[in-house]
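Results of the structural survey
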Amino acid sequence: MIDAVIFDFGNVLSRFDVEIFIRDIAERTGTPRDHLAFALKQLTPTIVQYESGLISSDEFFERVSHHAGITVSRRDFREAYCGIFAAIPETLDLVRHLHSRDRLGLLSNTNEWHFGCAIQPLEIFPLFEAVSLSFEVKAMKPAEPPYRDVLAKLHLPAERCVYIDDVP
């Protein structure tokens, strides 16, 4: 018997496109798009640290700005960094439908900024009974802590939950 449905955020509840961030920062700073894309690829460990809650938003901003060699305000950087999402209406409708009969959870590899600007403002966010975020549990999927956290918050064993993600 299934008692809860747990959703991932990225590419499940909302699409995201990092290219939007790259283009936006390129326009704001006059930095070539290819330079920014290369710098971001090199910063993958920093992005993982940020999504794992091991560095602050300020430190993330400073590291990316320094490594990419860009001068941009923190506010403009955050606005561009958060502007990469587009809600998926069909999945939001599914969440609304399931809420009437199942308990709902949210489990996502994410960071403080994306949570505050893209996840929390979703009109369906209050429908989630349990929320587990990588930056809060200090671990990213596929490591066990985020899964164990959401199950503990739901007070359910894994066998009684369905997890919907875009990544196997």
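Keep in mind that this is a model prediction, so the values were computed, not measured.

Let us look at the pattern of salt bridges. Counted under the stated rule, the structure contains 17 salt bridges. Of the charged contacts, one joins R28 and E79 as a salt bridge, the two residues approaching to 2.8 Å between their closest N and O atoms. One end of the pair, R28, is in helix 1 (residues 18-29); the other, E79, is in helix 5 (residues 74-82), and 51 residues separate them in sequence. For K153, the salt bridge is made with D149, and the minimal N-O distance between the two is 3.0 Å. Of this pair, K153 and D149 both sit in helix 9 (residues 144-154), separated by four residues, roughly a single helical turn. When salt bridges with common partners are traced through the structure, they connect D24, R28, R75, D76 and E79 into a single cluster.

Let us look at the environment of L151. Note on placement: L151 falls in helix 9. When the C-alpha positions of L151 and A4 are compared, they lie 9.5 Å apart, and in sequence the two are 147 residues distant. With residues near it in sequence (within four places) discarded, L151 still touches I6, L156, P157, A158 and C161.

Before going further, it helps to examine the state of the cysteines. Summed over all chains, the structure comprises one disulfide. There is a disulfide in this structure between C82 and C117, and the S-S distance comes to 2.2 Å. The sign of the S-S torsion, about -95 degrees, decides the handedness of the disulfide formed by C82 and C117: left-handed. Placement of C82 in helix 5 and of C117 in helix 7 (residues 112-119) is noted, with a sequence separation of 35 residues between them.

Among the secondary structure elements, P121 is positioned in the loop between helix 7 and strand 5 (130-133). Put simply, P121 and D166 are 45 residues apart on the chain and 21 Å apart in space, counted from C-alpha to C-alpha. Discounting chain neighbours no more than four positions away, the residues touching P121 are F115 and G116.

Moving on, we get to helix 1. The end-to-end C-alpha distance of helix 1 is 17 Å, a good match for the 16 Å that 12 residues give at a rise of 1.5 Å each. Buried within helix 1 we find F21, I22, I25 and A26. Buried positions in helix 1, seen along its axis, are confined to an arc of 130 degrees and lie on one side of it. Among the structural elements, helix 2 (33-42) and helix 5 are those in contact with the buried residues of helix 1. Capping of helix 1 at its N-terminal end is provided by D17; its side-chain oxygen lies 2.9 Å from the backbone amide nitrogen of E19. With its phi angle positive at about 75 degrees, G30 sits one or two positions after the end of helix 1.

Buried within helix 7 are the following residues: W113, H114, F115, A118 and I119. Capping the start of helix 7 is the job of one residue whose side-chain oxygen sits 3.1 Å from the backbone nitrogen of W113: N111.

Our focus in this paragraph is the sheet that holds strand 5. Note on sheets: strands pair through backbone hydrogen bonds, and any given pair is parallel or antiparallel. A sheet is described by the order of its strands in space; here four strands give the open sequence 5-4-1-6, paired in parallel fashion. Two strands lie at the open edges of the sheet, namely strand 5 and strand 6 (161-164), each paired on one side alone. The mean inter-strand angle of the sheet, taken between neighbouring strand axes irrespective of direction, is 15 degrees. Pairing of strand 1 (residues 4-7) with strand 6 involves four bridges; the strand directions are parallel.

About the thresholds
Residues numbered from 1 in each chain as written. Predicted model: local features only at pLDDT ≥ 70, side-chain atom pairs only at ≥ 80, totals over all residues. Heavy atoms only, no water. Salt bridge = Lys/Arg side-chain N within 4 Å of Asp/Glu carboxyl O. Helix = DSSP H or I, 4+ residues; strand = E, 2+ residues; numbered from the N terminus. Contact = heavy atoms within 4.5 Å. Disulfide = S-S within 2.5 Å. Expected span 1.5 Å × (residues − 1). Buried < 20%, exposed > 50% of the residue type's maximum accessible area, 1.4 Å probe, protein only. Arc of directions from axis to C-beta. Polar contact = N/O pair within 3.5 Å; in protein donor to acceptor, adjacent residues only side chain to side chain. Pairing = 2+ DSSP bridges. Axes fitted to C-alpha atoms, helices over the stretch in contact; angles between N-to-C directions.

All we've got here are geometric facts, nothing functional implied.
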